[in-house]
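A structural walkthrough
Here's the letter readout for the chains.
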Amino acid sequence: MVDPHETIVFRWLAAGDAGDFDRFDDLLHPDAVIHAPLGLSTTSADAEKAVWRDALAAMRDLRHDVQEVVVDGDVEMARVVVTGTITATFGGIEGTGRRFRIDQAVITHLFDQKIAEAWEIADIAGLREQVAPA
């Protein structure tokens, strides 16, 4: 059994939630490719830091609660519950001040114990429904 706290994917999400972007240098390859919904895909660690900065500016209480992690060689897959309150526009979604809770899957490929490529699959329809203006 894998302790999720020991995985790269867990540490990446925890560092992002905490706004600890310096830790990204230890977790992401400089040219990491992150495939994300809402046009938020990135092709470098620096670009990924910028997306997280914007996310935290729009959702100060953003949290990724890792439910489980499956590891197979250089692949780490996480099932995540994402919560927050969107107070500013992010990824084309209007900041309405409404809270959300969505499910997400994150699949990472590691190289030299750093994320080289990742895919984020999230319930964007559920997000839009929950944060829509009243």
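In this report, we go over the structure that sits alongside the text. All values derive from a computational prediction rather than experimental measurement. (Residues numbered from 1 in each chain as written. Predicted model: local features only at pLDDT ≥ 70, side-chain atom pairs only at ≥ 80, totals over all residues. Heavy atoms only, no water.)

1. Digging into empty space enclosed by the protein
Worth spelling out the cut-off: Buriedness for pockets is judged along seven lines, at least five of which must meet protein on both sides within 12 Å for an open set on the 1 Å grid over protein atoms alone, while cavities are sets there where a 1.4 Å probe fits but cannot get out, and lining residues have an atom within 4 Å of a point. Grid points are joined across faces, edges and corners, and a volume is the space filled by probe spheres set on the points. Comment: elements are numbered from the N terminus, with helices defined as DSSP H or I runs of at least four residues and strands as E runs of at least two. Residues are grouped as follows: nonpolar covers Ala, Val, Leu, Ile, Met, Phe, Trp, Tyr, Cys and Pro; charged covers Asp, Glu, Lys and Arg; every other residue, Gly included, is treated as polar.
The final tally for this structure, using the stated rule, is one cavity of 30 Å³ or more. Counted as a void, the largest cavity has a volume near 380 Å³. As for the largest cavity, its lining consists of 22 residues, of which L40, H64, F90, Q104 and E120 are closest to the centre. With four residues, helix 3 (residues 45-58) is the largest single contributor of residues to the lining of the largest cavity. By residue class, the composition of the lining of the largest cavity is 18 nonpolar, two polar and two charged.

2. A short note on the packing of aromatic side chains
Each aromatic ring pair is characterised by the separation of its centres together with the angle its planes make. Applicable threshold: Stacked, tilted and edge-to-face are the three classes applied to pairs of Phe, Tyr and Trp rings, where Trp contributes its six-membered ring and a pair requires centres within 6.5 Å; stacked means planes under 30 degrees apart, edge-to-face means over 60, and tilted covers the rest. Residue burial is assigned from relative accessible area. The probe radius is 1.4 Å, only protein chains are included, and a residue is buried under 20% of its type maximum, exposed over 50%, and partly exposed in between.
For the structure shown, the criterion picks out two aromatic pairs. Seen from their ring centres, F21 and F24 are 5.6 Å apart, and the 90 degrees between their planes marks the pair as edge-to-face. Comparing F21 with F24 shows no difference in burial state: the two are buried. On the numbers, 6.0 Å between centres and 90 degrees between planes, the contact of F24 with W52 is edge-to-face. You can see F24 sitting in helix 2 (residues 24-27) and its partner W52 sitting in helix 3, a full 28 residues away along the chain. Here F24 and W52 have matching classes, each one buried. Through successive ring pairs, a cluster of aromatic residues spans F21, F24 and W52.

3. What about the pattern of salt bridges?
Side chains that differ in sign of charge can pair as their charged atoms come close. What counts here: Take a side-chain nitrogen of Lys or Arg and a carboxyl oxygen of Asp or Glu: if they are within 4 Å of each other, that pair is a salt bridge.
For the structure shown, the criterion picks out four salt bridges. D25 serves as the salt-bridge partner of K49, at 2.7 Å between the closest nitrogen and oxygen. In this pair, K49 sits in helix 3 while D25 sits in helix 2, placing the two residues 24 residues apart along the sequence. A relative accessible area of 9% places K49 in the buried class. Its salt-bridge partner being K49, residue D46 comes within 3.8 Å of it at the nearest N-O pair. Of this pair, D46 and K49 both sit in helix 3, three residues apart, which is roughly one turn of the helix. Judged by its relative accessible area of 55%, D46 is exposed. Here the salt bridges share partners, and the residues they tie into one network are D25, D46 and K49.

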